[in-house]
Number of protein chains: 2
Amino acid sequence: MNALYNLALCPTSCSHSTPKHNTKWKTEVNGTATVALEGKALSRASSVTGKQRRIVSAASVTELTRVSETKGRQNIPTEKQLVDPFRQGIITEGGVRYRQTVVIRSYEVGADKTATLESILNLLQETALNHVWVSGLLGDGFGATHGMVRNNLIWVVTRMQVQVDEYPIWGEVMEVDTWVGASGKNGMRRDWLIRSDVTGEVLVRATSTWVMMNQQTRRLSKMPEVVRAEISPWFIENKAFEEEIPEKIYKLDTNAKFTNSNLKPKRSDLDMNHHVNNVKYVNWMLETIPHKFLENYQLTRMTLEYRRECSSSDVVESLCKPEEERFEERHQDRNVDNGDSLASALFQDGNHSKSFKAYTHLLQITGDKESEEIVRGRTIWRRKL
Amino acid sequence: MNALYNLALCPTSCSHSTPKHNTKWKTEVNGTATVALEGKALSRASSVTGKQRRIVSAASVTELTRVSETKGRQNIPTEKQLVDPFRQGIITEGGVRYRQTVVIRSYEVGADKTATLESILNLLQETALNHVWVSGLLGDGFGATHGMVRNNLIWVVTRMQVQVDEYPIWGEVMEVDTWVGASGKNGMRRDWLIRSDVTGEVLVRATSTWVMMNQQTRRLSKMPEVVRAEISPWFIENKAFEEEIPEKIYKLDTNAKFTNSNLKPKRSDLDMNHHVNNVKYVNWMLETIPHKFLENYQLTRMTLEYRRECSSSDVVESLCKPEEERFEERHQDRNVDNGDSLASALFQDGNHSKSFKAYTHLLQITGDKESEEIVRGRTIWRRKL
């Protein structure tokens, strides 16, 4: 399986590199530099003993001071926190589920004053990372636990599904819940529920599945026992929504109706992992849909199947195709009881063919050799009122 | 003066239009719909009396219900709030200065784990709007007061300056202070200070000047007495930093060294005002600077002079030119005592010509007729450590 990589929750090159935040650092050589060091940096510092310790160069102490100052400013907890007043987060439900209060900000909404899908995806990433943050398990990376860092492992997402029942609006206060569960023997599932604080209604549901990959070999890995011991106490079985028979997304061929070619990542599209952020993928996918369609329909569900990562030097092509016939056939023929909840709802909507539309998507890397798939996607759209 | 328009704080088309958030609305026709209405919507509702009231169509009640539900979910205060627990904001210093606790989120940082300039600008916009939000003055628009809405006025920014002493890092807790003051007879100044909560150090300072524009005629307006009465009690004279002799930014000609042409706004670049967001301008400006330079230098100060707005159908050109000679001449010749604080610091830095670089920028709309300036900019960059 060459399912690979997403940037939402997995560290790559950053997890072992010194944070470079390019600021003026004080050159303190008084020993305080190492006191606050944790994890890898500390063990590296501790391995210097006796005479060696005395000849640590001023330069390396400066380096350690930088790491220390960064850590001090970040203040990543080393033990489980039940409350994080700054992130407005609490641990609920048996001490394992995370809930964060979030207000939709002015720059997170589009022209219609509702949150953009990009903002929603960003909030999913943010609350997932904050869950790991308050757990005390966060290693020196982008969501990886201490045990993962020691084993040189990173998280890679293989599948993600987001369902937007109603778009949050500017200034709306929301509660975002997120939690994790087992997914097969070596995987992890992460779910989210976003509720309006005022109405109590669920606005957004999302689910995702994750596996581990060795950062050097780029091969998928079994979950080491040390990692299982860290994360399995956090597993609960609730699901944000049912996806009883996960639909396989068929691969679009190059005859796709709409194509955006020659897409090149910009500096600002790269995240902490120095790779193109997941949210950029979704933007590329959706920008390929005709403008006229986007004026009349809003996305209500999106399913993504990740295949491989994309780096800053790749040139990407975004393909999409409306699914009109396929969509109606599939949903009219299927046994509703076996379908997922949205499919059932669509089917029960007598006028669904006008109310809902579907698109199939493909992002691929183009080049001299054969194109390589980055992500397959399927989106379902509801006619705007 | 054809200084025009920015989208950070000013409402245009949205301020009188019904929020379209394209969701399923309950069609309640029980009269509760109008109860929570405020301002214009309420006065419109009140003008319908007696028989007329009884024949209000179900459709218009539905419309009012939508407005009401949106307002209920937004919950914009109609009176001054000293504390906003959701936004983590408080009113300080004589009851007029706003302070908000903010944590730098995972998606607000770049590959180096420090906040992007885009994120910083977004936070300035957000805290400014939240200041108006808690003041109880926010009308049905994007930062406009009730008196402004009644007079059909919007805010337009004419000048903005941001100085980044140190970039916030992922997970850093910050306190953002913002306040307003008088600027001439008809203008308003808004300043910001961003401090690290852990170190107490100032990371970012910013200042801006604003005037009012009639939304229909697009002409600048004097500040009406009703608006002066609303906002002048909030004025304080503190300044985030001194800009004793505001530097005029010279206009680049088309021989500028670096050019990005044919820039077209995307759907996602439009904000609540259906215009290209200010932050997009800055991205266009900075993306024109050579990649190699951006690898070695980080922005430490940016000055923007706004000339006119940009809409979704405009095609934009971004020009920039390094200022090497001009920069050194200017700063070596000037009397330090009259210079601004950064210029003084640069001058006192014996090696400034290597440590700092400057660029002049121009964004303009291209077309059949003569190009029209959107914004002139000047940026100062510090060599990364």
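Residues numbered from 1 in each chain as written. Chains lettered and ligands numbered in written order. Predicted model: local features only at pLDDT ≥ 70, side-chain atom pairs only at ≥ 80, totals over all residues. Heavy atoms only, no water.

What should I look at first to understand the overall build of chain A in this one?
When you go through chain A residue by residue, the secondary structure sums to 13 helices and 13 strands. Considering chain A as a whole, with its 385 residues, one finds that 58% of them fall into the buried category. When contacts within chain A are restricted to residue pairs at least 6 apart in sequence, long-range pairs at least 24 apart make up 75% of them. When the accessible surface of chain A is split by element, carbon and sulfur atoms take 49% of a total near 15,900 Å². (Helix = DSSP H or I, 4+ residues; strand = E, 2+ residues; numbered from the N terminus. Buried < 20%, exposed > 50% of the residue type's maximum accessible area, 1.4 Å probe, protein only. Contact = heavy atoms within 4.5 Å. Areas by Shrake-Rupley, 256 points an atom, 1.4 Å probe, with all protein chains shown as cover.)

I keep staring at the relation of the copies chain A and chain B and nothing clicks. Help me out?
For these two chains of identical sequence, chain A goes onto chain B by a turn of 180° and a shift of 0.0 Å along the axis, with RMSD 0.0 Å. In the structure described here, the two chain copies are related by an operation that fits a two-fold rotation axis. Every residue of chain A has its C-alpha some distance from the rotation axis, and the shortest such distance is that of Q88(A), at 4.4 Å. When the interface residues of chain A are mapped onto chain B, 100% of them are again interface residues, pointing to one common binding face. (Least-squares fit on C-alpha atoms with pLDDT ≥ 70 in both.)

Mind showing me how you'd approach the domain arrangement of chain A here?
When the parts come together, some accessible area is lost, and that loss is often what is quoted as the size of the interface. All names here are of chain A. Segmenting chain A into domains produces domain 1 (76–245) and domain 2 (247–324 + 354–384). Between domain 1 and domain 2, the residue contacts involve 19 residues of the former and 20 residues of the latter. Taken together, the two surfaces of domain 1 and domain 2 that pack against each other cover about 1,800 Å², and 47% of this comes from carbon and sulfur. Of all residues in domain 1, F142, R159 and M160 bury the most surface against domain 2, accounting for 27% of the area lost on that side. Between E305 and R159 there is a salt bridge, and its shortest N-O distance comes to 3.3 Å. At the level of elements, α6 (117–135) and β4 (153–164) are the ones that each hand at least two residues to the side of domain 1 that touches domain 2. (Domains from an automatic or database assignment. Buried area = accessible area lost by both parts, 1.4 Å probe. Salt bridge = Lys/Arg side-chain N within 4 Å of Asp/Glu carboxyl O.)

I tried to follow the interface of chain A and chain B on my own but got confused; where do I start?
Counting residues at the interface gives 68 residues for chain A, matched by 68 residues for chain B. Across the chain A-chain B interface, the total number found is 8 salt bridges. The closest approach of N and O atoms between R73(A) and E166(B), which form a salt bridge, is 3.0 Å. On the surface where chain A and chain B come into contact, there are 22 residue pairs in polar contact (both at pLDDT 80 or more). Elements supplying a minimum of two residues to the side of chain A that touches chain B: α4 (58–74), β3 (97–103), α6, α9 (278–287) and α10 (291–296) of chain A. (Polar contact = N/O pair within 3.5 Å; in protein donor to acceptor, adjacent residues only side chain to side chain.)

Explain helix α9 (residues 278–287) of chain B here, please?
It helps to recall that an α-helix has 3.6 residues per turn; residues three or four apart then point in one direction. Residue and element names in this part refer to chain B. Of all 10 residues that make up α9, 9 are buried, and the element is covered over most of its length. Buried residues of α9: N278, V279, K280, Y281, V282, N283, W284, M285 and L286, and no others. Structurally, the start of α9 carries an N-cap: the backbone nitrogen of V279 is 2.8 Å from a side-chain oxygen of N277.

Where do I start with the pairing of strand β11 (residues 315–322) of chain B in this structure?
The two faces of a sheet get side chains in turn, since along a regular strand they alternate between them. All names here are of chain B. Buried residues dominate β11, accounting for 6 of its 8 residues. Relative to β11, strand β9 (residues 258–263) runs antiparallel, the two being bridged by 4 bridges. Bridge pairing in β11 places L263 opposite V316. Bridging between β11 and strand β12 (residues 356–366) involves 8 bridges; their strand directions are antiparallel. When the bridges of β12 are listed, C320 appears paired with H361. (Pairing = 2+ DSSP bridges.)

Sorry if this is basic, but what is going on with the packing of aromatic side chains here?
Any aromatic ring pair is given by two values, namely how distant the centres are and how the planes are angled relative to each other. Tallied over the full model, the rule gives 12 aromatic pairs over all chains. Ring centres of W133(A) and W170(B) lie 5.6 Å apart, and the angle between their planes is 75°; on these two criteria the pair is classed as edge-to-face. In this pair, W133(A) is assigned in helix α6 and W170(B) in the loop between β4 (153–164) and β5 (173–183), connecting two distinct chains. Across the pair, exposure class does not vary: W133(A) and W170(B) are buried alike. Aromatic pair W170(A) and F142(B): ring centres 6.0 Å apart, planes at 75°, arrangement edge-to-face. You can see W170(A) sitting in the loop between β4 and β5 (173–183) and its partner F142(B) sitting in the loop between α6 (117–135) and α7 (146–150), one on each of two chains. Neither W170(A) nor F142(B) differs from the other in exposure class; each is buried. (Phe/Tyr/Trp six-rings, centres within 6.5 Å; stacked < 30°, edge-to-face > 60°.)

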